[in-house]
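Breakdown of the fold
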Amino acid sequence: MLDQEWIKTLADGRKVKFIYQDLPEDSTFITAQIEASEVVYSVILTQARKPVSRGDVEGHFKSELSKK
């Protein structure tokens, strides 16, 4: 997986934009932003298992996105 972004609609109808970027030295930058929200969840994973799948990225933010 290279640098990517995609939008997923959650079961409750909210849309979330995910971004994945490979960084040097086996690091990965991932973000999740709920549509129309100023809150952006961002994480830098060091020594990330690659390739990282969309499911891996979405799963990383599962608990944050389950909050309303």
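Right, let's walk through the structure included here.

Procedures and definitions
- Residues numbered from 1 in each chain as written.
- Predicted model: local features only at pLDDT ≥ 70, side-chain atom pairs only at ≥ 80, totals over all residues.
- Heavy atoms only, no water.
- Phe/Tyr/Trp six-rings, centres within 6.5 Å; stacked < 30°, edge-to-face > 60°.
- Helix = DSSP H or I, 4+ residues; strand = E, 2+ residues; numbered from the N terminus.
- Buried < 20%, exposed > 50% of the residue type's maximum accessible area, 1.4 Å probe, protein only.
- Salt bridge = Lys/Arg side-chain N within 4 Å of Asp/Glu carboxyl O.

Notes on the packing of aromatic side chains
- Tallied over the full model, the rule gives one aromatic pair.
- Their ring planes at 20° and their centres at 5.6 Å tell us that Trp6 and Phe18 sit as a pair that is stacked. Of the two residues, Trp6 is situated in strand β1 (residues 4–9) and Phe18 in strand β2 (residues 15–23); the sequence distance between them amounts to twelve residues. Summarising the burial analysis for this pair, Trp6 and Phe18 share the class buried.

Some thoughts on the pattern of salt bridges
- Scanning the entire structure with this criterion turns up three salt bridges.
- Note that Lys17 and Glu5 form a salt bridge whose closest N and O atoms lie 3.4 Å from each other. Here the residue Lys17 occupies a position in strand β2, and Glu5 occupies one in strand β1, the gap between them amounting to twelve residues.
- Here Asp12 ties to Arg14 by a salt bridge, and the two come within 2.7 Å at their closest N and O atoms.
- Overall, Asp12 belongs to the partly exposed group, its relative accessible area being 34%.

By themselves, these observations are geometric and do not establish any function.
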